[in-house]
Structure formats: structure tokens, C-alpha cells
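Residues per chain, in single letters:
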Amino acid sequence: MSQTAKKPVIEFENFQFQYFSQADPTLHDINLKIYEGEKVLIVGPSGSGKSTIGNCLNGLIPFSYKGEIQGSLKISGRETREMNIFELSKKVGTVLQDADGQFIGLTVGEDIAFALENDCVPLSEMKETVQKVSDIADMGKLLKSSPFELSGGQKQRVSFAGVMVDDVELLLFDEPLANLDPATGKTAIDLIDRVWKESKKTVVIIEHRLEDVLYREVDRIIVVSEGRIVADMTPDELMAADILPKLGIREPLYVTAMKYADIQLTPQMRAGRLDTLDIAQVKDALQKWNREQAEMPGEEARRIILEAEHLSFQYTKKRKILQDINFKIQEGEMVSIVGTNGAGKSTLAKVICGFVTEDEGKLLYYGEDLKGQTIKERSQKIGFVMQNPNQMICKPMIYDEVALGLRIRQVPEEEIESRVDKALKICGLAPFKKWPVSALSFGQKKRVTIASMLVMDPQVLILDEPTAGQDYHHYTEIMEFLKSLNDQGVTIILITHDMHLMLEYTPHAIVISEGKKIGDASAVEILTNEDITKRANLKITSLYELAMKTEIPDPTTFVQNFINYERRTHRS
Amino acid sequence: MKAKLFDYIDRDNFIYNLSGLTKLVCFICMTFSVMFSYDIRYILFVMALSVVFFRMSEIKFKQIKLMTIYVAIFLLMNFILTYIFSPQYGIEIYGTNHELFRISTRYTVTLEQLLYQVTKITKYASVVPMGMIFLLTTNPSEFAASLNRVGCNYKGAYALSLTLRYFPDMIRDYQDIALAQQSRGLDMSRKEKLGTRVKNVMNICVPLIFSTLDKIELISNAMDLRGFGKHKKRTWYAAKPVRKGDWAAMAFGALILAGSLFVTFFVNGSRFYNPF
């Protein structure tokens, strides 16, 4: 594509930005041109400044977040500092990360119409535009639905339609995949791609889940690190360059697999997308690597810590949330419970913790029936950690927060101190014992919530979406921590729809769909099973597809080999 | 999961199809007419009308059962307290004294006092069904639109609509947080002493406030990005156009108000009607 003939939509020139609340600039020396009709992906770890770039584009900087700007940023040839946020919103349409939080209207139709309402568009014209735009986003039949009736993916489509009502030049997506399950994420990327091709608009996507975005064509990838642009190249070039792993951004798994097989990637191999990868050049090396992998010895059976027998639960007679669930979890296992939103996986956790009572069936803890035990009693055996630490922490000081459960149980203060110290030490929070909670990062707060559960000495920990919204670095930090807890003997159950997490950390996965258990096997077997992945809104892992392309006879074993290799070489 | 503050159910009948503006205007007119007048004949007339409208709106009693019980309790309390604190007020305002029987020097039962208190109850009893009709037959988002159209600032009106939008979210957050805190041993059940329970509720409120504050920042950004507050006016997607039926209904509301004023100034010559 010749870029010289095209007119630039975005021009950063020696751009620098510093929040008033911070000592150092967040963005340094940004020089970047994005041309009309391009589709550009901006990647970078958390805190790299990639969201700040997005906020400069849509005008939230300096309109909502104040700071000092140096250099120049032009959008369609006009300096943004001379425009206000309303003028900018006519040129740049932004879809924010949290589709639920930005759903303003009481119904789909109202939410899509929001920008039109603010422009005083007459009612009849407004209804027409809303219908047209919502049809593009496949939401035309749901105009009267309220946000509570929609799935995460549908809410995102609504936000998308909401910015499409203005004929914007640039569509900006801030982490569009953050809260979506893998299959819905794929549809979202498809929709963005379709609109990009049909409307010829410029598209900028800010995201750290690289592999999922690269499922469809992208013109360029901009890599941001510590407030600077460190790479600006095509996906094929980026995969060949050794930039991402050093910055703590996860490469697509199939790329990692090729690197494990000692393949020297070049731009000519076109590894930007699995679809375009020139398989002939890498086939032999991959097959050879696969043959060399030795089988790992199987694990021996341990005692069953938690067992469900014919568990059923329903809120009302009509809709059964859980139906005849059976599973066995062994002592010291790390298990993931996966499934779509509303499949019943959170309800299962609630039943286990005793928040709600099962209608039929039994739950056994070391063979002992849990029936009749209160939430309080169960919490000494099974701890539950919510997704958002802000929803759990209720004391201003870390020590008090962790001690809370023990104080309620009237444990003597000397014993509390030693138990809190121990929990803080396990969680790597010992130096922060006397700190206020507010001084901690998100990941550290997460640890505080885990510590406040550990202090009660549970044998099982259930965590709801422990890594949601975390970049690769923080994801690894949290997961490695959980792994170390697991190594100390705590059985860990994770509710998740993150496929990487399943593959890399949980040897055992239980899949729930529409209230029934549809899969109970190793994560590798689940993620290479087409039927189960489809029913549970997961995706077949790209490793499996790579193995298929390479004509490896047993693709499932290839995936298992990859995981084993990674554990051996990177986590010991 | 359907969770709405007012249990708004879409139906197709005359009252439902009126625009929110019309219903608000009629509600204000009729409320004002019964609040202004103390003529029990006119109030009973309006009360009969509001019962008729209630029937027309096809609202099920089940929807308003709880609210009716609260209102009934409130009215009863009001009746008793009014008598306890001002047993002679009827005589004062009507200027006559027809004593029925005497409990003590201060507490006598007079026809005037009875009339005054019964009038007061019928006032409330005629306004409340009207309020329920308005709330239950108006789509919550149209409600904001109609407030704006009778002159309320649109930012204020929208704040109301946002409250309706996020209230169920907050309830759900509260429930989630409550469960998580219970698993740490906070007892919310009746087994615990009241003082401790109140303290435990406080422990839930802290995380609730913080997670709500996070949300507010996000919403206000999303609204800025889509041009909220750009102009002095805005249009409303949820607004219903004002049709013939609406004009007729508003005229009827105005007529009721005019009737009340007429009775007050030309028939009775004061706000009070004294049959004795």
C-alpha cells in the first residue's frame, strides 16, 4: 500500500504529555502518522502510555485529565488543542473498554441515540439513523432491550453503534477484548474488520491481546513502552523481530512455538497471522521439534478433597441453573471452571461456598457432606476471592483488612498477629504490613484479598476471574503467585474464560454450558476439542491449528508438548 | 436478569399511550386541584376519577400491593397523630362547633374535626393512585424527557434517568459484596446483635462506595465523549410525540384544576367547605 499518496488523519509531532498529578511525562517524543483508511494496532504493557495516547486522540486529554502538552497533535490537519472535546467527538468515535459502564441509556435504542440526542436531532430522523446503525452492528432487533438482558458482546456492539451514529473519520477502540470470552472476542474483531472494509474508515485499536486482534488483517502495529514508540512495523516484520518478549507482551502462541523449535522468523514467512504463515518454510523444523519431546510422567492419584454428586440448583422452577453436576477435585490440584457468561459457573462457586443451597445432590469435602454448614463454617475450609478487589476490601489498613476474619471469630490478638504475618509473608506483602490499602497497585490489592482468605487457613481457594483486565506482566505475576500457593498444598479453583490461563496453569479443566457439565479433562484436551470449545464459547488454540497445518499426526500431543516444554524451560 | 426500580410493564391502552409529558401535566393539575381545595365533594369527585383512570390503565393490584400497604399505614398514623396534636383544628378553621362527645377538656370529638381529618385523608387517597398511574405507566426514560419538557434542566433530568439505570447495578454489587463479606464471617442474620449488624453493614458500604466511584468516572467520560452538555437543549429518543389524545387529556387536567379554583373562589368563597 503506498502511503505517500494518502492523507494523514493523525499526526503526532514531537509530542509530549505530562499529567499534572505526576512528576514525569507519561509520553515522550511521540512521532507518528496514521493515514486515512489504515487499521493500526497499538500494543504495550500496562502503564506504557498506550491508553494515554488514546485519550489524547479522543480529547479526554486535556478535557477531563489535565496536564501539560508539548509538541503538536493534528487530527485531519487541525491542532487538537484548538478544538474542544465535542468537536473532536465528531471526528473520533471512541469505544471504551468497559462496555457495561459506558452503557448510559435504559434501553439499547436510547443508548445508541445518545450522541444524536445531544445534537438536538429531531425524533423521526433520530429513529431512522438508530435503526440503520444498529442493523450494521446486528443489534437492530433488540432496540427495546435493557442492558441487564444483554451479554457483554452485545453491550459492546451497542457502544460501537453509539459512536457510528456520528459520521466519524476515526474509530478508536480501547481494549475491546478485555471483558469478552474468546469466541465473542473473535466476533468483535470480525465486526471491526467488516466495518473497516465497508466504510473505509481509519481504525485504531489499543489492545494487549495481540494474538486475538491479529486474527484479522492489520496494517501496522505500533509498540509503546515507557511512553515512547519502540516499534512501528507490519505484523509480519514484528513477529520476525525480537521485540515483544523483552517488553513483557505476549506473542501469539504459534509464534512462541516456532521459536521453541529454533526457527529464525523472517518477514517473508508472513507470521503476522496464522492464515498467511508460509507453512512450507517451518514445517520440517516443527515436526522435528515435536518428535524430540519426551512424554512427561503421569501424576499419581491423590485424595479427593472436593466432590460433587448430582448437584442441581435453580432459582425458579422454570430455569435450572445447574443440572446434575458431578466432579472430583484432588488435593493440591489447580483446576479451571470455564464456560460462557450465564452458563452457571459462578452459581457453582456460590453453591460450593454455601451462599446458596443446592436443591439436589451432595457436596463432599474430604468425604464429609457439607450440607447444613453455614457460609461462616465453610469459609474456614474454602475461601472465595472476588474478581474486583475493590469489592472486598473494607478496612483502610492492610493489617486490619487481613485480620478482619480472625477478629470476627474472636481469635486472641497475639495469635492474630502471627497468622496475619504468615499470610502476608506468603503473599509477598510482609514489607507493607503497616501500609494503607490505598497505596497499593491493583495486583497488590488482589494479594491482600487473597491474604485475608489465607489467614483463615482454607484448604481450597476459589478465585473468580483472577486475571481479568490484566496485562501479560501482571497476569504472570498473579498466576505465578497462585502457582506458588498451589505448590504449598492449597487446592486452587479458578473461574475463568482466559484460554492462556487454562492452558498454562491448570492441568485440569471443567467446562459448564447451560447448567450442565460438558467437559472434564485436561485443559489441552478441552481446547483442542472442536465440539466443546464451540459450545462453551472458547476457541481452538492456535497451537492446535498450527499443528494441523504442519500435518503433525497427533495435534493434541503437540499442544501438550508445548505446555510441558514451557513449564520445563521457563518455570523452574 | 430483569431488575427495574419501577416495575414498568409495557401495555397497549389509552393511558399507556399518552406521552409522559401529558401524564406529568395531568398529574400536576389534579394534584394541585385536590391539594388546594378542602371541599370534600370536589375531592371525592377527583378521587372517583382517579379510580376510573386506574381501572383504565389496567395496572394489576399485585404491582402496587406493597405500596398500598405503606400508604394505608401512613394515612392511619397521620389520622391519629393529627388528632393527638391538634384536636381543635377543625373548629378553628371552620368557625363552628358541633360537639359529639368529650374525652377530656382538650380532647373532644367534633363534627368539624372529623370532617377536616376525613377530607385530609381523601386528599391523599386521591393523589396516591394518580402518582402510581404516572410512575407505573411511564417508561422510566420517558420520565426524564417529560421532566425536561415541563422546564426542568436536562442535566438534572438526566441525572434521574442515570440513577434509574445504575440502581439495579448497585443492588447487585451490594449483594455480591455482602456475600463475600459473609464468607469472611460477618454475620448479617438475625442471630447477631443489632449493633454488630449495623457495623457489619458499614463494612459492606465502604467497598460499595469505592466501586461506585470508579464507575462514575467512567460514565462521565463516556458521556463527555458523546457530546453530553454540548448545547443548551437536547432531544429525547424516548419522548413520545404529543397527539390529539394528549391535548384532550391535558385540557381535561386543566379543566379539573379550573373546576377546583372555581369551587373555591365562587362557590365556597374560601378553601374550606362547611356544611354545618
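Model, not experiment: these values are computed from the prediction. (Residues numbered from 1 in each chain as written. Chains lettered and ligands numbered in written order. Predicted model: local features only at pLDDT ≥ 70, side-chain atom pairs only at ≥ 80, totals over all residues.)

1. A word on the overall build of chain A
In step 1: A count of helical and extended segments in chain A gives 23 helices and 20 strands.
In step 2: Taking 25 Å as the expected radius of gyration for a compact globule of 572 residues, we find that chain A reaches 25 Å, a close match to that expectation.
In step 3: The 572 residues of chain A split such that 50% are buried.
In step 4: Expressed as a percentage of contacts within chain A between residues at least 6 apart in sequence, the contacts between residues at least 24 apart total 68%. (Helix = DSSP H or I, 4+ residues; strand = E, 2+ residues; numbered from the N terminus. Rg over C-alpha atoms; globule rule 2.2 N^0.38 Å. Buried ≥ 20, exposed ≤ 12 C-beta atoms within 10 Å, placed from the backbone. Contact = placed C-beta atoms within 7 Å.)

2. Examining the sheet that holds strand S1 (residues 8-19) of chain A
Residues and elements named next belong to chain A.
In step 1: A sheet is described by the order of its strands in space; here four strands give the open sequence S2-S1-S4-S5, paired in antiparallel fashion. Two strands bound the open sheet, and with one partner strand each, they are strand S2 (27-35) and strand S5 (78-79).
In step 2: For S1 and strand S4 (residues 67-75), the ladder comprises eight bridges, and the chain directions are antiparallel. Residue Ile 10 lies in a different strand from S4, and its bridge partner there is Ile 75.
In step 3: Each of S1, S2 and S4 touches helix H1 (residues 50-58); the most contacted strand, S1, lies at about 115° to it. (Pairing = 2+ DSSP bridges. Axes fitted to C-alpha atoms, helices over the stretch in contact; angles between N-to-C directions.)

3. Describing the environment of Ser 145 of chain A
All names here are of chain A.
In step 1: Examined against the element boundaries, Ser 145 turns out to sit in the loop between helix H5 (123-136) and helix H6 (152-164).
In step 2: Each C-alpha atom, one on Ser 145 and one on Thr 107, is 5.3 Å from the other, the two residues being 38 residues apart in sequence.
In step 3: When residues no more than four places from it in sequence are discounted, the contact partners of Ser 145 are Thr 107, Val 108 and Leu 150.

4. Re the domain arrangement of chain A
Residues and elements named next belong to chain A.
In step 1: The domains assigned to chain A are domain 1 (36-50 + 85-251), domain 2 (261-292 + 542-572) and domain 3 (332-357 + 374-541).
In step 2: Between the C-alpha centres of domain 1 and domain 2 the distance comes to 31 Å.
In step 3: In terms of residue count, the dominant contributor to the side of domain 1 that touches domain 2 is helix H9 (residues 235-240) (five residues).
In step 4: Counted by class, the side of domain 1 that touches domain 2 contains four nonpolar, one polar and three charged residues. (Domains from an automatic or database assignment. Nonpolar A, V, L, I, M, F, W, Y, C, P; charged D, E, K, R; others polar.)

5. Section: helix H7 (residues 140-149) of chain B
In step 1: Most of H7 of chain B is tucked away, with nine of its ten residues classed as buried.
In step 2: Contacts made by the buried residues of H7 of chain B are with helix H4 (108-118) of chain A together with helix H2 (20-36) and helix H8 (154-183) of chain B.
In step 3: Immediately downstream of H7 of chain B, the backbone of Gly 151 of chain B shows phi near 110°, a positive value.

6. Points about the packing of H4 of chain A against H5 of chain A
Residues and elements named next belong to chain A.
In step 1: Where H4 meets H5, the closest approach of the two axes is 10 Å, and the angle between their N-to-C directions is 120°. Between H4 and H5 lies a crossing of right-handed hand. Across from Gly 109, Ile 112, Ala 113 and Leu 116 in H4, the residues of H5 making contact are Met 126, Thr 129, Val 130, Val 133 and Ser 134.
In step 2: Class assignment for the residues of the contact of H4 with H5 results in six nonpolar, three polar and no charged. (Left-handed = near helix turned anticlockwise from the far one by under 90°.)

7. As for the interface of chain B and chain A
In step 1: Each partner contributes residues to the interface: chain B has 48 residues there, and chain A has 50 residues.
In step 2: Looking at the side of chain B that touches chain A element by element, the count peaks at 14 residues for helix H9 (residues 194-225) of chain B.
In step 3: Within the side of chain B that touches chain A, the residues separate by chemical class into 23 nonpolar, twelve polar and 13 charged.

8. Topic: helix H7 (residues 182-199) of chain A
Residues and elements named next belong to chain A.
In step 1: With 18 residues, H7 extends 26 Å between its outermost C-alpha atoms, agreeing within 8% with the 26 Å of an ideal straight helix rising 1.5 Å per residue.
In step 2: Residues of H7 that are buried: Pro 182, Thr 184, Gly 185, Ala 188, Ile 189, Ile 192 and Trp 196. Looking straight down H7, one finds that the buried residues subtend no more than 165° of arc, so they occupy a single side. Opposite its buried face, H7 presents the exposed residues Asp 190 and Glu 198, each directed more than 90 degrees away. (Expected span 1.5 Å × (residues − 1). Arc of directions from axis to C-beta.)

9. Here's the deal with the environment of Asn 221 of chain B
In step 1: One can find Asn 221 of chain B in helix H9.
In step 2: The residues touching Asn 221 of chain B, leaving out its near neighbours within four places in the chain, are Leu 60 and Ser 64 of chain A.

10. Observations concerning the sheet that holds strand S8 (residues 202-206) of chain A
Residues and elements named next belong to chain A.
In step 1: Read from one edge to the other, the open sheet built from six strands follows the order S6-S7-S8-S3-S9-S10, with strand pairing classed as mixed. With partners counted over all chains shown, the strands left at the sheet margins are strand S6 (92-95) and strand S10 (228-233), one partner each. For this sheet the average axis-to-axis angle between neighbouring strands, irrespective of direction, equals 20°.
In step 2: Bridge analysis of S6 against strand S7 (residues 170-174) gives four bridges, and the strand direction is parallel. Residue pairing for S7: Val 95 is matched across the bridge by Phe 173.
In step 3: Seen against the sheet, H1 touches strand S3 (39-43), S6, S7, S8 and strand S9 (220-225) and runs at an angle of roughly 145° to S7.

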